Amino acid sequence: MIDLDGSAGEGGGQILRTALVLSMVTGQPFRITRIRANRSTPGLMRQHLAAVRAAARISGATVSHAELGSEQLSFEPGDIVAGDYEFAIGSAGSCTLVLQTLALALLHARTPSTVRITGGTHNEMAPPVQFLQRAYGPLLGAMGACVDFRLERYGFYPAGGGAVVARVEPCKGMNPIMLQERGARRAGYAEAFTAGISPGVGQRELAFIGAKMGLNEAQLMAHVLPGDQGPGNAVLITLEHEHVTEVFTGFGAKMVRAEVVAGHALKEMHDYIGSGAAVGEHLADQLLLPFALAGGGCFSASTVSRHALTNADVIARFLPVEIGFEHEDRRNICVVRRACGVP
């Protein structure tokens, strides 16, 4: 039984999600205490509980203290079983974070699987579905894994009600990759999504981004969604490069001007461009786990967050890998390698 302190480092839900993936894949049980102790509302929220219950179902796990608000949990996995699964978060909690947890485990099943999650698809504390489709999923593909993400219905905070489906093909083993350069830019565009609010909000966001980036009308796309999928708003900037695609997001909120929302996405984009790194802060956080499961590789990142450092510590508790970070000019290099003495 591996003992984890949920208050360590960044102290958020990623400690639990990473532990769930690695427990299912390696067969090692774990016990975690002080779950999300660094958050204003500690303990399991609906999206974390949904991830635990879903992981338990696909792996036949024995679980204790899996209830809302619980600050401790034990998880003893069985065998990962492929299937057609459906899980409901019951709130606007992130579908994408739950899907990432399950997809990485189901790569190790014997036959293909589909997983449908209902809940939030676009909220401030998680990557939007387009991030999985354009940035995260293709890099899994470059490593030899096939996971297809499909957005069925949008769900914004606080209403939720969205739906996302992932189809996961079995993967005998992911291949390490080297991702130090992003390569030449092939395309850049911005999108604004509005549901149940004035479409003018999205138009203002796009006008602001277009002026700052010098984009033409064809590169600025407004998507007006059915009103029952809102109320909600998000703006996305997508940069496609030779070796990697990045997605930067701003999320609308009450009493926040459209230009401020667009400015959040622009700031992330400018930080990324200025670093010269292959991936941005959030994609770097997400890549640590698949790189570790592949047993090696390296990538350059604009920022190494506390989130990434905490994730690296949890990974090292389950897998015989060493994860190192080195600063180089304006960017950081992350190197994942097998631990010394491990064949």
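Thresholds applied
Residues numbered from 1 in each chain as written. Predicted model: local features only at pLDDT ≥ 70, side-chain atom pairs only at ≥ 80, totals over all residues. Heavy atoms only, no water. UniProt positions renumbered as here; feature names shortened; annotations may be inferred. Disulfide = S-S within 2.5 Å. Buried < 20%, exposed > 50% of the residue type's maximum accessible area, 1.4 Å probe, protein only. Phe/Tyr/Trp six-rings, centres within 6.5 Å; stacked < 30°, edge-to-face > 60°. Helix = DSSP H or I, 4+ residues; strand = E, 2+ residues; numbered from the N terminus. Lys NZ or Arg CZ within 6 Å of the ring centre and 35° of its normal. Core = buried A, V, L, I, M, F, W, Y, C linked by side-chain atoms within 4.5 Å. Contact = heavy atoms within 4.5 Å.

An unreviewed UniProt entry lists the chain under the name RNA 3'-terminal phosphate cyclase, with Massilia hydrophila given as the organism. Turning to the chain, the UniProt record has this under Catalytic activity (unreviewed entry): "a 3'-end 3'-phospho-ribonucleotide-RNA + ATP = a 3'-end 2',3'-cyclophospho-ribonucleotide-RNA + AMP + diphosphate".

A. Expanded view of the state of the cysteines. All chains considered together, the criterion is met by zero disulfides. Left unpaired, Cys 334 is separated from the closest cysteine sulfur, that of Cys 298, by 8.2 Å. Cys 334 gets classed as buried once you look at its relative accessible area, which sits at 1%.

B. Inspection of the packing of aromatic side chains at higher detail. Counted by the stated rule, this structure contains seven aromatic pairs. Between Tyr 154 and Phe 156, the ring centres sit 6.1 Å apart and the planes meet at 15°, which makes this aromatic pair stacked. The pair formed by Tyr 154 and Phe 156 is uniform in burial state, with each residue classed as buried. Relative to Phe 193, the ring of Tyr 154 lies with its centre 5.4 Å away and its plane at 35°, an arrangement referred to as tilted. One end of the pair, Tyr 154, is in the loop between strand S7 (147-153) and strand S8 (162-168); the other, Phe 193, is in strand S10 (residues 185-195), with 39 residues separating them in the sequence. Like Tyr 154, the residue Phe 193 is buried in the burial classification. Among the aromatic residues, those joined into a ring-pair cluster are Phe 30, Phe 75 and Phe 318. Cation over ring: Arg 182 sits above Tyr 272, and NZ or CZ is 4.1 Å from the ring centre.

C. Geometry of the nonpolar core. Counting 106 residues, the largest nonpolar core has Phe 30, Val 279 and Phe 299 as its most contacted members. Per-element tally for this core: the top contributor is helix H7 (residues 281-294), with nine residues. Residues within four places of Val 279 in sequence aside, it is in contact with Leu 179, Val 244, Glu 246, Tyr 272, Ala 284, Leu 287, Phe 299, Ser 300, Ala 301 and Ser 302.

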